[in-house]
Every structure is written in structure tokens, then in C-alpha cells.
Amino acid sequence: LQTMSGNEHDWLALKPQEPSPSQCCGSGCKPCIYDVYEKELAQWERAKAKQDKSLLLEKKEQSSNSELNPETFTAFNISAVEQLTEDTYQYTFELPGNSSLQLSLGQHIVLRGVVNGLEVQRAYTPISLGNAEGHFQVLMKCYEAGLMSQYIKTWKKGDVVFWRGPFGGFPYHPNKHGELLMLASGTGLAPMLPILQSITDDEEDETFVTLVCCFRTFDKIYLKALLQDLARYWNIRILYILSQETSLEKLPWSYRENTYTGRLNEGLMKTIINSCRRKPFALICGSSAFTEDMTKYLKAAGIEEKSCFIF
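Residues numbered from 1 in each chain as written. Predicted model: local features only at pLDDT ≥ 70, side-chain atom pairs only at ≥ 80, totals over all residues. Heavy atoms only, no water.

An unreviewed UniProt entry lists the protein chain under the name cytochrome-b5 reductase, with Rhinopomastus cyanomelas given as the organism. The protein chain has a UniProt comment under Cofactor (unreviewed entry) that states "FAD". (UniProt positions renumbered as here; feature names shortened; annotations may be inferred.)

S.K.: How should the pairing of strand β2 (residues 73-85) be read in this particular structure?
M.R.: Look at any regular strand and the pattern is simple: side chains alternate between the two faces of the sheet. One ladder, built from four bridges, connects β2 with strand β7 (residues 160-167); its direction is antiparallel. Considered in β7, the bridge of Phe76 is made with Val161. Note: β2 against strand β3 (residues 88-94), six bridges, orientation antiparallel. The residue bridging Thr85 from the neighbouring strand is Thr88, located in β3. Linking β2 back to β3 in an antiparallel pair, the connection comprises two residues. (Pairing = 2+ DSSP bridges. Helix = DSSP H or I, 4+ residues; strand = E, 2+ residues; numbered from the N terminus.)

S.K.: How should I be thinking about the sheet that holds strand β11 (residues 259-261) in this particular structure?
M.R.: Pairing between sheet strands relies on hydrogen bonds along the backbone, with the strands arranged either parallel or antiparallel. The strand order across the open sheet formed by six strands is β11-β10-β9-β8-β12-β13, and the pairing between neighbours is parallel. This sheet does not close on itself; its edge strands, each paired only once, are β11 and β13 (308-310). The mean inter-strand angle of the sheet, taken between neighbouring strand axes irrespective of direction, is 15°. As paired strands, strand β9 (residues 208-215) and strand β10 (residues 236-242) are joined by seven bridges and run parallel to one another. What sits directly across from Cys214, in β10, is Ile241. Its contacts with the sheet put helix α8 (residues 288-300) on β8 (179-185), β9, β12 (280-285) and β13, and the angle it makes with β12 is roughly 165°. (Axes fitted to C-alpha atoms, helices over the stretch in contact; angles between N-to-C directions. Contact = heavy atoms within 4.5 Å.)

S.K.: I tried to follow unusual backbone geometry on my own but got confused; where do I start?
M.R.: Cis geometry is adopted by the peptide bond preceding Pro166, which originates at Gly165 and carries an omega value of 0°. Here Pro166 shows up in strand β7. The phi angle at Gln51 is positive, at roughly 55°, despite the residue not being glycine. Look at Gln51 and you get partly exposed, because its relative accessible area is 26%. Residues other than glycine seldom take positive phi values, yet Leu223 does so here, at roughly 55°. Position of Leu223 among the secondary structure elements: in the loop between β9 and α5 (224-230). (Buried < 20%, exposed > 50% of the residue type's maximum accessible area, 1.4 Å probe, protein only.)

S.K.: Would you mind going over the UniProt feature "binding site: FAD" (unreviewed entry) in the protein chain with me for this structure?
M.R.: In the numbering used here, UniProt assigns the "binding site: FAD" (unreviewed entry) feature to Arg122, Tyr124, Leu139, Lys141, Met148 and Ser149. Despite a sequence span of 28 residues, these residues sit close together in the fold, their greatest C-alpha distance being 13.7 Å. Residue position: Arg122 is located in strand β5 (residues 118-124). Beyond its immediate chain neighbours, meaning those up to four positions away, Tyr124 contacts His108, Ile109, Leu111, Val138, Leu139, Met140, Met148, Ile152 and Trp163.

Listed below in C-alpha cells is the structure:
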């Protein structure tokens, strides 16, 4: 076999670059972008030791066959953009033919964006079911100062963006838990929806669910129609907690009896748990501050760590 004697300079140009901290989404992905780098670096070192550049050919930066892969980024077309509230959007991405992402419940995928020359990666959980055919949908909130938000705000129908995954997920089994208590703040609603829909789609699944949605105001609640549809099922109860609403009088009648104003605190958590039909297993998704508070309130209400799952 003919080996190529490349000079030092050529090899350095081929050396994989160590990711910058902004490229890690911090969601505990396996493999993390740093794991991918370690693997590529080891591959480069082997090739350099043997002076054989053909050993680097396996290296794939990104793929365009629209098959999700945890190690490489795949291109997906945006087929629809829908603004849900002033700062929240629902994006639909095309999948070829009738293929589906095949995600298990609550799994997240990682988006890559480049803002001012800086590569950023963030994790998002599709809200469509993992077996949805021909498309998948992601709920995204844009923050004024968010780096990734600046990139997302430029998106329009027909644009191509890059995802890798899937990662994580909640190992849900029908009827395993008597009641699920879902605590979601803002877009933390995303991983809860596929689980809720899988329960309502399965006539044999008699799990009770209490979904607690925390938003600032009534206007900030997204996917109201979908949530109202889910709440019609005998085993699904949806409660809204609106931290910046002062009175329920402005709300439509259909929301008044299942909405609380103010913040979700320890007292309210105990009230909610006491009104659950069975001792619940809790799922939490929101900011780190929200997660910390919820864990504390659950503990005070007698729900141990082994009965909690954090997205």
C-alpha cells in the first residue's frame, strides 16, 4: 500500500480543532461534542503516525441524507415557521418521503448555529411524536440577548439547518406509574407533549397525568388549542400557573378553575400533590432555577428523588 509522506504543515492543517465552550450545549449528550473531538483527534494521530491520509477519510463533518446521527450534523429543510407568541415560534422541518425521526419519548436533538463567526450548539426537544411521518416540529423561544436566538430569528421557510442526535429521553412505559406530575416552565413544555400524546393515543394506557404549566401571563401560553384538546381526556388534568397575572377575572371562563396566579411555591405544590389521584412520579423541565425550586418543593411534599426525572 502506498503511504503518502505529507509534510508537517499539511498534517497540522488536517488536525481536528478543539471545540470552544460555546459549542457544548451542556445537556449531557452522549457523545458530547468533546467526545467526537477526542475520537477524531485519536484518528488523526493514528493516521499521522502511519503517514497515511486515507485513514482520515471516515471523518464526516455533516451529512445530507436527512438521517439523524448523534455524531455528525445532518441538514434539514425548514418547511414552515409559525409565530406562537411574541418571542416563541414553532418550526416544522421536512423529512424525506414518509420517514420519521424515530425518537423515543422526551429525547432531545442538538442544533448548530453560527453567530458572528462563533459556533453555538443548543439542545431542543421536538414536540411532534417520534414516529410522526414526513416532518418534525420544534418549539423555540427567542431571547433578546441569546446567541442562538439571533441565529434562529433569521430563519425562514426553505432555509437549511443542521441537527444531530438523538440524546437523553425519559424511559416511559405505559401504566408503569399510577400518575405523572409534569412540571413545565415555558418551553419546558416540549418534552412533556410527546409523552402526553403517547398516553392519549394508547387506549390501554390508564396513567393519570397532572400537567402544571408555568407561564408569566395568559398571553404567553402557547399551543392553547392542543392543551385544551388534551385536557378533555378523562385521565389528563392541566393546571396553569401565571406568575405575573394578578386576577383571574380577565381570563376566559374555561381557564378560571384550573389556573392559579402568582408563583408555584411550596404550599401550592403540596395542594397539587394532595389533589393527585395517586402518589405521582414527577417530571421536571425548565430553567436550572426552576428545576432547583421544584426539586425542593417536591421533597418538602414527600416526593423523593427516585420518584423524579429531570429533563
